[in-house]
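Here are the chains, one letter per residue:
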Amino acid sequence: MSEEYHYDLVVVGGGPAGSSAAYEAARNGIRVAMLEKENSIAETVRTSGVTWIQNIKEFGIPDDCYNPIKNFSFCSPNNEVTISDSVPRAAVLDVRKTYRWLAQEAKQSGADIFVKINVNNVIKDEMGDIIGVSGVGPNGKITFHSKAVIDASGFPSVVVKAMGFATQWKRFGAGAEYEVKVENIDSDTWWLMVGQQYSPAGYAWIFPLGNNIVRIGVGVGKPESNVDPTQKLKELMDSKLGPIKKLGKISPIEFHYGLIPNDGLSRKTVFNNLILVGDSAGQANPLVLEGIRYAIKFGRVAGKVASDAIKAGNTDENSLKAYEENWKKEIESKINSAGKVQDRWIGLSDEEWDKELDIIKELKPEEFIDFIKAEFGLSNMIKLATHHPKLAVRQLFNLVKGKK
Ligand SMILES: Cc1cc2nc3c(=O)[nH]c(=O)nc-3n(C[C@H](O)[C@H](O)[C@H](O)COP(=O)(O)OP(=O)(O)OC[C@H]3O[C@@H](n4cnc5c(N)ncnc54)[C@H](O)[C@@H]3O)c2cc1C
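Keep in mind the model is a prediction, meaning the values are calculated, not measured.

## Re the overall build of the protein
At step 1: For the protein, the helix and strand inventory stands at eleven helices and 20 strands.
At step 2: Whereas a compact globule of 404 residues would reach a radius of gyration of roughly 22 Å, the protein reaches 21 Å, a difference of no more than 12%.
At step 3: With the C-alpha coordinates aligned to their principal axes, the bounding extent of the protein is approximately 65 × 45 × 40 Å.
At step 4: For the protein, the proportion of its 404 residues judged to be buried stands at 49%.
At step 5: Considering only contacts in the protein between residues 6 or more positions apart, those separated by 24 or more positions represent 69%.

## Points about the packing of helix H1 (residues 16-27) against helix H3 (residues 95-108)
Helix packing for two helices is described by the angle between their axes and how far apart those axes are.
At step 1: Where H1 meets H3, the axes come as close as 8 Å, and the angle between the chain directions of the two elements is 20 degrees. When the axes of H1 and H3 are compared, the pair comes out roughly parallel. For the pair H1 and H3, the crossing hand works out as left-handed. Every residue of H3 that contacts H1 at Pro-16, Ser-19, Ser-20, Ala-22, Tyr-23 and Ala-26 is listed here: Tyr-99, Leu-102, Ala-103, Glu-105 and Ala-106.
At step 2: Tallied by class, residues from the contact of H1 with H3 come to eight nonpolar, two polar and one charged.

## A word on helix H6 (residues 292-312)
At step 1: For H6, with 21 residues, the first-to-last C-alpha span of 30 Å sits near the 30 Å given by 1.5 Å per residue.
At step 2: A large share of H6 lies buried, amounting to 17 of its 21 residues.
At step 3: A positive backbone phi angle near 80 degrees is found at Gly-313, which sits one or two residues after H6.

## Here we look at helix H7 (residues 317-346)
At step 1: For H7, which comprises 30 residues, the first-to-last C-alpha distance of 37 Å sits more than 12% below the rise-based estimate of 44 Å (1.5 Å per residue).
At step 2: At Ile-331, H7 is deflected by roughly 45 degrees, the largest bend along its length.
At step 3: Those residues of H7 that sit buried are Ser-319, Leu-320, Tyr-323, Glu-324, Trp-327, Ile-331, Ile-335, Ser-337, Ala-338 and Gln-342.

## Brief notes about the domain arrangement of the protein
At step 1: Domain boundaries in the protein define domain 1 (3-45 + 96-169 + 265-331), domain 2 (172-261) and domain 3 (337-401).
At step 2: Taking the mean C-alpha position of each, domain 1 and domain 2 sit 31 Å from one another.
At step 3: Each partner contributes to the interface: domain 1 provides eight residues, whereas domain 2 provides seven residues.

## Quick notes on the UniProt feature "domain: FAD-binding" (unreviewed entry) in the protein
At step 1: When the UniProt feature table is mapped onto this chain, "domain: FAD-binding" (unreviewed entry) is found at residues 8-188.
At step 2: For the annotated span residues 8-188, helix accounts for 21% and strand for 39% of the residues, and the straight-line distance between the end C-alpha atoms is 44 Å.

## Thoughts on the sheet that holds strand E13 (residues 148-151)
At step 1: Taking strand neighbours across the sheet as the criterion, the six strands line up as E9-E3-E2-E13-E20-E19 in an open arrangement whose pairing is mixed. The open sheet terminates on both sides in strands that have one partner only, identified here as strand E9 (112-114) and strand E19 (270-271).
At step 2: With respect to the sheet, H1 is in contact with strand E2 (9-12), strand E3 (32-35) and E13, its orientation differing from that of E3 by roughly 170 degrees.

## Structural notes on the site of the ligand
At step 1: Near the ligand there are 41 residues, and of these Gly-15, Gly-154, Gly-175, Gly-278 and Gly-291 occur at the shortest range.
At step 2: The set of elements that each furnish at least two residues to the shell around the ligand consists of H1, strand E4 (50-52), strand E10 (118-124), strand E14 (172-182), strand E18 (250-261) and H6.
At step 3: Broken down by class, the residue content of the shell around the ligand amounts to 17 nonpolar, 17 polar and seven charged.
At step 4: Structurally, the shell around the ligand is a two-domain feature, drawing no fewer than three residues from each of domain 1 (3-45 + 96-169 + 265-331) and domain 2 (172-261).

## Let's talk about the environment of Val-180
At step 1: With respect to the helices and strands, Val-180 occurs in strand E14.
At step 2: The class for Val-180 is buried, based on 21 C-beta atoms found within 10 Å.
At step 3: It is 4.2 Å that separates the C-alpha atoms of Val-180 and Pro-252, two residues lying 72 residues apart in sequence.
At step 4: Not counting residues within four places of it along the chain, the set of residues in contact with Val-180 comprises Val-214, Ile-216, Ile-250, Ser-251, Pro-252 and Ile-253.

## Quick look at the sheet that holds strand E15 (residues 189-193)
At step 1: Pairing in this open sheet of seven strands is mixed, and the strands run E7-E6-E15-E16-E17-E14-E18 from one edge to the other. Either end of the sheet is taken by a strand with one partner, and the two such strands are strand E7 (79-84) and E18. In this sheet, adjacent strand axes meet at a mean angle of 15 degrees when their direction is disregarded.
At step 2: Direction of pairing for E14 relative to strand E17 (residues 213-222): antiparallel, over a ladder of ten bridges. Following the sheet pairing, Gly-175 is matched in E17 by Gly-219.

## Here's the deal with the environment of Ala-26
At step 1: For Ala-26, the position within the fold is in helix H1.
At step 2: According to the C-beta neighbour criterion, Ala-26 is buried, with 26 such atoms within 10 Å.
At step 3: Sequence separation of Ala-26 and Ser-239 is 213 residues, and the distance between their C-alpha atoms is 50 Å.
At step 4: Among all residues touching Ala-26, those that are not within four sequence positions of it are Val-32, Ala-106, Ser-109, Gly-110 and Ala-111.

## Considerations on the nonpolar core
At step 1: Counting 126 residues, the largest nonpolar core has Leu-9, Val-12, Val-32, Ile-150, Val-159, Val-277 and Ala-306 as the members making the most contacts within it.
At step 2: For Ala-306, the residues in contact, after removing those within four places along its chain, are Leu-9, Ala-25, Ala-148, Ile-150, Ile-275 and Leu-320.

## Some thoughts on unusual backbone geometry
At step 1: Of note, the amide linkage connecting Lys-222 to Pro-223 takes the cis form, showing an omega dihedral of 5 degrees.
At step 2: Mapped onto the elements, Pro-223 comes out in the loop between E17 and helix H5 (229-239).
At step 3: In this structure, Asn-273 is a non-glycine residue whose phi angle is positive, near 65 degrees.
At step 4: By the element assignment, Asn-273 lies in the loop between E19 and strand E20 (274-276).
At step 5: Note on Asn-273: 26 C-beta atoms within 10 Å, which makes it buried.
At step 6: With a phi angle near 65 degrees, Ala-374 is a residue other than glycine that sits in the positive phi range.

The rules behind these values
- Residues numbered from 1 in each chain as written.
- Predicted model: local features only at pLDDT ≥ 70, side-chain atom pairs only at ≥ 80, totals over all residues.
- Helix = DSSP H or I, 4+ residues; strand = E, 2+ residues; numbered from the N terminus.
- Rg over C-alpha atoms; globule rule 2.2 N^0.38 Å.
- Buried ≥ 20, exposed ≤ 12 C-beta atoms within 10 Å, placed from the backbone.
- Contact = placed C-beta atoms within 7 Å.
- Axes fitted to C-alpha atoms, helices over the stretch in contact; angles between N-to-C directions.
- Parallel < 35°, antiparallel > 145°, perpendicular 65-115°, else oblique.
- Left-handed = near helix turned anticlockwise from the far one by under 90°.
- Nonpolar A, V, L, I, M, F, W, Y, C, P; charged D, E, K, R; others polar.
- Expected span 1.5 Å × (residues − 1).
- Bend = angle between axes of the 7 residues up to and from the residue.
- Domains from an automatic or database assignment.
- UniProt positions renumbered as here; feature names shortened; annotations may be inferred.
- Pairing = 2+ DSSP bridges.
- Near = placed C-beta within 6 Å.
- Core = buried A, V, L, I, M, F, W, Y, C linked by C-beta atoms within 7 Å.

Written out as structure tokens, the structure reads:
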């Protein structure tokens, strides 16, 4: 027998985008169901969890959910640079704790959270518009009817695909990572490692979590490279390349693997009764493929816009447009500019990476942070593009500005 439920809004996916959408929509007084396919929220970790303290504070994420970072080290085959800040501005999240906190906030606001629900289909009205989803739950087939749906299912984008509005991402990043205990680590310094030996199209990383725990990982751009990141990571850890050597004895705790879209902002994100948010919408900063803060921020916007539309009795595409306008205004041009830098980085040879680090060396900590966050509009980027004494630095920032 099939189970049936009726809600105002159904949110598919219990990641940061889904929990944030459910939180804001439930706070706005509508009936919300959030559906997650795993046995519990954040059962599987698929992310490295780097984000920014300013955003953490803005979202109200508790202090015990992250390890602060204030030194940013890079290495290429023959170069090394560390940018040291006076205060920590970056952070490595305890991903499970943070995602569970976000879900708890949604629950406390009144959202019903259903786990072990694998959504695999949509319900449409006679016009072909979505009016619910169905899938497999612990007792077999399960159906959720709703006035609107938010697709926050991440990379698989299950709802929008079932509607026939999108196909699989063509360009994406694949990342493999071990969370490990190590002998030696400076807990407020992260490492990014670039060049062929670390990743043929991407980078490797060491992100500290405190208490001598770090995440060591490798990301590889697809289809640019067919290298398997898991294999590459094993090679790096076995050969103890570069800064990995300094960690001393490494004891693995947990393995993480994930995929992140890198197709730019190619998807339409509102349809009649449907919003896409987070990775499902392709909302990630392509420079380092970080999307958690956008998932939370625009998850909340999606929840608010959808719930306002539901309360007003009209959830057609036009009534949901405010959501797309909001996120586009905030990140579209930044993501497009960051995509240009990423294109440049993907093509660099080892020698060129050695030189690129010399450019990064020129940046003050706040310039570096704005750059890596793709906050190009806010900082001295224009000044750097026009007045920096080094031609190579001017060229990089002119690229950000859109000039060749
Ligand atoms: C290797 C790697 C490293 C990364 N590192 C960083 C980083 O350091 N910092 C950063 O900001 N970002 C990072 N990202 C990106 C970041 O993880 C994503 O941008 C972010 O998780 C997007 O959140 P989301 O809620 O949209 O999707 P997700 O976090 O993927 O959540 C989607 C949820 O939907 C559920 N789901 C999927 N299909 C179904 C279904 N059919 N039915 C029901 N539920 C379903 C999933 O189980 C999951 O819980 C990384 C990504 C990868 C792959």
